[in-house]
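Below, each chain spelled out in residue letters.
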Amino acid sequence: MTSKELILKNIRTNNVVQDTSLPDYSNFGLTFEDKHSHFSTMLESVGGKALFIKKEELEETIKSLYPDEKLITSNIEGFSLANFDANEESDPHNLKDIDLAVVKGEFAVAENGAVWVKNRDNRHRALYFIAQNIILVLEKSAIVNNMHEAYELISFGEPSYGAFISGPSKTADIEQSLVIGAHGPKSGYVIFVE
């Protein structure tokens with residue numbers, strides 16, 4: 001018997017049947033006793049800041065953070081500080097002078113300090129990246145532990161745009177030094193409202 005025939009004979013006689021059911025990933029990934037605290041720590045590590053306020057304090061808080069910003073846009077219902085409607089612009093290049101974008105976040109991820117945003121109420125996805133400063137506003141209860149839980153909440157059934165945003169724009173390509181606001185918002189806040 002040749003070595004090839006011996007190998008094939010052994011393969012035929014040693015069929016091993018194993019349970020091929022997939023493992024349970026329901027308790028997979030990092031979990032945190034205080035999700036909001038960990039989210040805040042992670043967001044600060046990348047140049048952003050999280051705030052926790054009552055819903056009625058939103059406008060007062062934003063005025064105190066950005067008292068001198070002139071051109072403000074928002075997709076937050078009832079937000080009276082907005083003085084520019086980005087959705088009325090046909091060309092996203094016209095958004096280049098926006099000082100502050102105050103936009104809705106869908107949910108936050110404690111593991112990495114990111115917020116999922118969908119372009120549902122914004123005509124231009126560029127708004128998230130072209131404004132000089134950005135504030136993401138979401139309900140305090142809209143937070144998950146990790147990306148595994150986050151992906152369970154994302155639906156790809158209909159064509160749309162979504163992105164995870166974590167703090168202001170940043171790069172460390174140049175001499176491995178972190179530069180904030182190099183090619184997008186120079187400051188980023190996440191405001192959780194109750």
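Shown above is the structure to which this text applies.
In this report, the structure presented in the accompanying data block is examined. (Residues numbered from 1 in each chain as written. Predicted model: local features only at pLDDT ≥ 70, side-chain atom pairs only at ≥ 80, totals over all residues. Heavy atoms only, no water.)

**Observations concerning the pattern of salt bridges**
Okay, so step 1: Taken as a whole and judged by the stated rule, the model has five salt bridges.
Okay, so step 2: As a salt-bridge pair, Lys 55 and Glu 139 come within 3.4 Å of each other at their nearest N and O atoms. Here Lys 55 is found in the loop between strand S1 (49–53) and helix H3 (58–65), whereas its partner Glu 139 is found in strand S6 (residues 133–139), with 84 residues between them in sequence.
Okay, so step 3: Take Glu 139: its relative accessible area is 39%, and that puts it in the partly exposed class. (Salt bridge = Lys/Arg side-chain N within 4 Å of Asp/Glu carboxyl O. Helix = DSSP H or I, 4+ residues; strand = E, 2+ residues; numbered from the N terminus. Buried < 20%, exposed > 50% of the residue type's maximum accessible area, 1.4 Å probe, protein only.)

**Points about the packing of aromatic side chains**
Okay, so step 1: Throughout the structure, instances matching the rule amount to seven aromatic pairs.
Okay, so step 2: Measuring from centroid to centroid gives 5.3 Å for Phe 39 and Phe 192, while their planes differ by 85°, and the two rings are edge-to-face. Pair noted here: Phe 39 is in helix H2 (residues 35–45) and Phe 192 is in strand S11 (residues 187–193), with a separation of 153 residues, a long-range link.
Okay, so step 3: Phe 39 sits in the buried class, given a relative accessible area of 0%.
Okay, so step 4: Note on Phe 192: relative accessible area 1%, which makes it buried.
Okay, so step 5: Where Tyr 151 meets Phe 164, the ring centres are 6.2 Å apart and the plane angle is 90°; that geometry is what we call edge-to-face. With a gap of 13 residues between them, Tyr 151 in helix H5 (residues 147–153) and Phe 164 in strand S8 (residues 162–165) connect regions that are remote in the sequence.
Okay, so step 6: Taken together, the aromatic side chains of Phe 107, Trp 116, Tyr 151 and Phe 164 make up a single cluster linked through ring pairs. (Phe/Tyr/Trp six-rings, centres within 6.5 Å; stacked < 30°, edge-to-face > 60°.)

**Here we look at the pairing of strand S3 (residues 100–104)**
Okay, so step 1: Most of S3 is tucked away: four of the five residues are buried.
Okay, so step 2: Taken together, the three bridges between strand S2 (residues 72–74) and S3 define a ladder with parallel strand orientation. Paired with Thr 73 across the two strands is Ala 101, which belongs to S3.
Okay, so step 3: Summarising the sheet, S3 and S6 pair through five bridges and their orientation is parallel. Paired with Lys 104 across the strands is Val 137, a residue of S6. (Pairing = 2+ DSSP bridges.)

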